[in-house]
Amino acid sequence: MMDIGLRKISTFIEETIVEGGKPAERPITSVVVAAVLRNPWAGQGFVENLQPEILRVAPVLGAEMTRRLVALMSAERIEAYGKAASVGVNGEIEHASALIHTLRFGNMFREAAQGTTFLSFTNTRNAPGALLALPMIHKTETGKRAHFLTANFQVPDAPGPDELLVAIGASDGSRAHPRIGDRFLDMEEMEAEKACALTFART
């Protein structure tokens, strides 16, 4: 693998068996793969053109992280996915955004997961050991609220001041007991209410 300043890769696996005091119909598993690497723009001051380093780092990073995640959870199992990036205190949030908001990174994971929706995301600046949130949505249905999920994780020594922490995550199910309905149901109900109100106003 090309040298992209990678320091470590951490993997987090969580199984939810009971939620709200009630057992899930089946355990719901989430996987997060997080990479810690040197910020390629560290020590350069304000860099106007980020593209050269994006092209150098993002495809290599995306390929390696995707390979590791799908080895733990196959595309057939994945139902929801997302991504996150955090830059150390010496960097810009734009540096975190740069490596995950490019199709050269995201498409690798999306295609491997057999997804069609966008990858839900966070991009932040943090000190080492901060609790990070990686949001997820259903891989083919954006309005499926049951799969609006968040995986929380932390790496005790990352991101360092001149580092980036980049993560991808997936779940093989929804929340254990979803019961708030999909976005599409709200839209139908609101349209019906609007039509009813209009009819009433005309009478």
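The following refers to the structure shown. (Residues numbered from 1 in each chain as written. Predicted model: local features only at pLDDT ≥ 70, side-chain atom pairs only at ≥ 80, totals over all residues. Heavy atoms only, no water.)

Bringing the layout of surface pockets into the picture now. A probe as big as a water molecule, rolled over the atoms, marks out the empty space that is left. Taken as a whole, the largest pocket spans an internal volume of roughly 330 Å³. As for the largest pocket, its lining consists of 17 residues, and the residues nearest its centre are T16, L149, S174, R175 and A176. Going through the elements one at a time, β1 (6-19), β2 (22-38) and β6 (149-153) are the ones with two or more residues in the lining of the largest pocket. Classifying every residue of the lining of the largest pocket gives six nonpolar, seven polar and four charged. If you go around the second largest pocket, you meet 13 residues; those closest to its centre are E25, R26, I28, S174 and A176. Taken together, the residues of the lining of the second largest pocket break down into five nonpolar, four polar and four charged. (1 Å grid on protein atoms, 1.4 Å probe; cavity = no way out; pocket = protein on both sides within 12 Å on 5 of 7 lines; lining within 4 Å. Points joined across faces, edges and corners; volume = space filled by probe spheres on them. Helix = DSSP H or I, 4+ residues; strand = E, 2+ residues; numbered from the N terminus. Nonpolar A, V, L, I, M, F, W, Y, C, P; charged D, E, K, R; others polar.)

The next subject is the side chain of K83. Looking at the element boundaries, K83 is found in strand β3 (residues 80-87). Put simply, K83 is tucked away with no salt bridge, and the nearest opposite charge, on E111, sits 13 Å away. Separated by 2.7 Å, the side chain of K83 and the backbone oxygen of I100 make a polar contact. (Buried < 20%, exposed > 50% of the residue type's maximum accessible area, 1.4 Å probe, protein only. Lys, Arg positive; Asp, Glu negative; His and termini not counted. Salt bridge = Lys/Arg side-chain N within 4 Å of Asp/Glu carboxyl O. Polar contact = N/O pair within 3.5 Å; in protein donor to acceptor, adjacent residues only side chain to side chain.)

Another aspect to go through is the packing of aromatic side chains. To describe a pair of aromatic rings, one takes the distance between the centres and the angle between the planes. All told, the structure shown has two aromatic pairs when counted by the stated rule. Summarising the aromatic geometry, the rings of F12 and F153 are spaced 5.3 Å apart at their centres and angled 40° between planes, so their arrangement reads as tilted. Residue F12 is located in strand β1, and its partner F153 is located in strand β6; the two are separated by 141 residues in the primary sequence. Look at F12 and you get partly exposed, because its relative accessible area is 25%. (Phe/Tyr/Trp six-rings, centres within 6.5 Å; stacked < 30°, edge-to-face > 60°.)

Turning next to the pairing of strand β5 (residues 132-138). Within a regular beta strand, the side chains point alternately toward one face of the sheet and then the other, so they alternate between its two faces. For β5, the tally of buried residues reaches six of seven residues, placing the bulk of the element in the interior. Judged from the two bridges that link them, β3 and β5 form a sheet pairing that is antiparallel. In the sheet register, Y81 faces β5, and the bridge partner there is I137. Looking at chain direction, β5 and β6 are connected through five bridges and run antiparallel. From the neighbouring strand, M136 faces β6, where its bridge partner is L149. (Pairing = 2+ DSSP bridges.)

Among all positions in helix α3 (residues 103-112), only F105, G106, F109 and R110 are buried. Down the axis, α3 shows its buried residues gathered within 115° of arc, on one side only. When the buried face of α3 is taken as reference, the exposed residues oriented beyond 90 degrees from it are L103 and E111. For α3, the elements touching its buried residues are α1 (51-72), β3, α2 (93-100) and β7 (163-171). With its phi angle positive at about 60°, Q114 sits one or two positions after the end of α3. (Arc of directions from axis to C-beta. Contact = heavy atoms within 4.5 Å.)

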